[in-house]
Amino acid sequence: LIKLNIKNQNMLDLKELERKLDLALAQETIESFTNWLDDERSINYLHQYGIGTLISGEKISLEKNVIEIMPTSCVIFKLSPITIEVNSFTILAA
Amino acid sequence: VTRKFYHTQESRSKLLESPVKCFRDDAWLGEAFYFWLEQIDAEKWGFNSKRKTEYFEIYSSDINCEKVLNTVFNEEHYYFWLKQIEKVAMLEVKKNRKKPTLKELNDYLKKRATWNEVTGILFQDMPSNNSQSLIEPILYNNNRPVFFVYRKRIQLAVYDSNIISNFALLDKIKH
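Every value quoted in this text rests on a predicted model; they were computed, and no experiment measured them.

Some details on the overall build of chain A
Next up, step 1: Helices and strands together make up the secondary structure of chain A, namely three helices and six strands.
Next up, step 2: N-terminal to C-terminal, the α/β element order of chain A is α-α-α-β-β-β-β-β-β.
Next up, step 3: Burial statistics for chain A: of 94 residues in total, 33% are counted as buried.
Next up, step 4: Nonlocal contacts in chain A, meaning residues at least 24 apart in sequence, comprise 35% of its contacts between residues at least 6 apart.
Next up, step 5: Accessible surface, chain A: about 6,200 Å² in total, of which carbon and sulfur atoms supply 56%.

Listed below in structure tokens is the structure:
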């Protein structure tokens with residue numbers, strides 16, 4: 001049983017995980033890291049509204065923000081201070 | 001390797017067929033399916049945080065923990081995880097910006113460092129409600145009780161839904 005437990009604990013290759021992280025960090029510039037973090041925060045903001053399907057031509061108010069649904073396959077989120085284009089009609093919605 | 005875990009959600013008109021992924025900004029370990037290791041914590045979470053409807057539901061699941069980073073019971077995993085989190089955080093601190101959240105750090109490990117082989121992270125915090133503590137609190141001069149929090153509150157953040165099986169309703173509880 002002890003041998004089995006030790007084996008189970010080593011199923012993840014920690015050295016490989018560390019190598020991949022170190023490589024990512026070595027290639028990271030302050031700008032690239034900041035951009036990634038800003039993108040993550042923007043996406044997280046949108047995710048909190050859930051997932052749904054919107055109908056073309058509608059407008060949906062999210063508190064002070066408005067999502068405009070364009071009559072094309074392109075949807076623009078206008079969420080101050082960011083604008084995100086999404087090429088799909090299955091998008092995040094309230 | 002497979003263990004039983006518990007998932008708490010609001011009670012809706014339809015029963016869940018699979019767990020709900022959490023995207024919330026305040027989710028400790030990033031975008032994941034969150035489970036409790038102990039049913040008592042799943043119930044407390046329901047009573048405290050799933051209050052939008054009259055009932056909440058607890059689902060049980062079997063989860064394969066073979067490739068889960070076990071920061072609660074595996075010392076090697078814990079110190080490894082701590083070191084990696086602090087490495088990423090230092091990058092942010094150096095720039096003198098707002099400190100990153102734990103969620104952002106974990107999302108970085110998952111997405112930027114492509115830790116796709118990590119199927120989940122077992123982690124702990126301490127329960128804030130001490131009503132079920134079996135140990136008398138210490139009373140200081142201001143009569144404020146200070147509890148010794150001896151019980152871990154353990155959660156699993158699952159990133160790969162393939163490790164979840166036998167997801168089924170366990171209990172429906174009224175507030």
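Regarding the nonpolar core
When a protein is soluble and globular, its nonpolar side chains tend to lie buried together.
Next up, step 1: Membership of the largest hydrophobic core comes to 30 residues, with the highest contact counts inside it found for L21(A), L29(B), Y34(B), L69(B), V88(B), Y108(B) and W115(B).
Next up, step 2: Listing elements by their share of this core, those giving two or more residues are α2 (14-27) and α3 (30-47) of chain A together with β3 (32-36), α2 (75-94), α3 (102-112) and β6 (120-125) of chain B.
Next up, step 3: Dropping the residues within four chain positions of it, W115(B) is found in contact with L17(A), K20(A), L21(A), L69(B), F80(B), Q84(B), L109(B) and K110(B).
Next up, step 4: Among the nonpolar cores identified, the runner-up in size contains 13 residues, and F5(B), F35(B), L37(B) and V158(B) belong to it.

Thoughts on the packing of α2(B) against α3(B)
Residues and elements named next belong to chain B.
Next up, step 1: Two numbers describe how α2 lies on α3: the axes approach to 10 Å, and their chain directions differ by 100°. On the basis of the axis angle, α2 is roughly perpendicular to α3. Residues W81, Q84, I85, V88 and A89 of α2 form the contact with α3, whose own contacting residues are L102, L105, N106, Y108 and L109.

Quick word on the confidence of the model for chain B
Next up, step 1: On average, residues of chain B score 88 in pLDDT, and 95% of them reach the 70 mark or higher.
Next up, step 2: The complex prediction reports pTM at 0.75, with the ipTM value standing at 0.83.

Some points on α3(B)
Next up, step 1: Of all 11 residues making up α3(B), eight are buried, and the element is well covered by its neighbours.
Next up, step 2: Positioned one or two residues after α3(B), T114(B) has a phi angle of 45°, which is positive.

What about the pairing of strand β4 (residues 55-64) of chain B?
Residue and element names in this part refer to chain B.
Next up, step 1: Where burial is concerned, most of β4 is hidden: eight out of the 10 residues are buried.
Next up, step 2: Where strand β1 (residues 2-10) meets β4, nine bridges bridge the pair, whose relative direction is antiparallel. Looking at the pairing, Y6 lines up with S60 of β4.
Next up, step 3: In terms of strand pairing, β4 meets strand β10 (residues 164-174) through eight bridges, oriented antiparallel. Residue pairing for β10: E57 is matched across the bridge by K172.

What to know about unusual backbone geometry
All names here are of chain B.
Next up, step 1: Positive phi, close to 45°, is recorded for T114, a residue that is not glycine.
Next up, step 2: Mapped onto the elements of the fold, T114 is located in the loop between α3 and β6.
Next up, step 3: Of the residues examined, T114 reaches a relative accessible area of 34% and is grouped as partly exposed.

A short note on the interface of chain B and chain A
Next up, step 1: Contact with chain B, which involves 36 residues of that partner, is made by 28 residues of chain A.
Next up, step 2: Ranking the residues of chain B by area buried against chain A places F23(B), Y108(B) and R112(B) at the top, with a combined share of 18%.
Next up, step 3: For the interface between chain B and chain A, the tally reads five salt bridges.
Next up, step 4: With a closest N to O distance of 2.9 Å, E117(B) and K20(A) form a salt bridge.
Next up, step 5: Remark: the boundary between chain B and chain A carries nine residue pairs in polar contact (both at pLDDT 80 or more).

What about α2(B)?
All names here are of chain B.
Next up, step 1: Look at α2: 28 Å from first C-alpha to last across 20 residues, which is about the 28 Å you get at 1.5 Å a residue.
Next up, step 2: Buried residues of α2: H77, F80, W81, Q84, I85, V88, A89 and E92, and no others.
Next up, step 3: Where α2 begins, the capping side chain belongs to N74, and its oxygen is found 3.0 Å from the backbone nitrogen of E76.

Definitions and limits used
- Residues numbered from 1 in each chain as written.
- Chains lettered and ligands numbered in written order.
- Predicted model: local features only at pLDDT ≥ 70, side-chain atom pairs only at ≥ 80, totals over all residues.
- Heavy atoms only, no water.
- Helix = DSSP H or I, 4+ residues; strand = E, 2+ residues; numbered from the N terminus.
- Buried < 20%, exposed > 50% of the residue type's maximum accessible area, 1.4 Å probe, protein only.
- Contact = heavy atoms within 4.5 Å.
- Areas by Shrake-Rupley, 256 points an atom, 1.4 Å probe, with all protein chains shown as cover.
- Core = buried A, V, L, I, M, F, W, Y, C linked by side-chain atoms within 4.5 Å.
- Axes fitted to C-alpha atoms, helices over the stretch in contact; angles between N-to-C directions.
- Parallel < 35°, antiparallel > 145°, perpendicular 65-115°, else oblique.
- pLDDT = per-residue confidence, 0-100.
- Pairing = 2+ DSSP bridges.
- Buried area = accessible area lost by both parts, 1.4 Å probe.
- Salt bridge = Lys/Arg side-chain N within 4 Å of Asp/Glu carboxyl O.
- Polar contact = N/O pair within 3.5 Å; in protein donor to acceptor, adjacent residues only side chain to side chain.
- Expected span 1.5 Å × (residues − 1).

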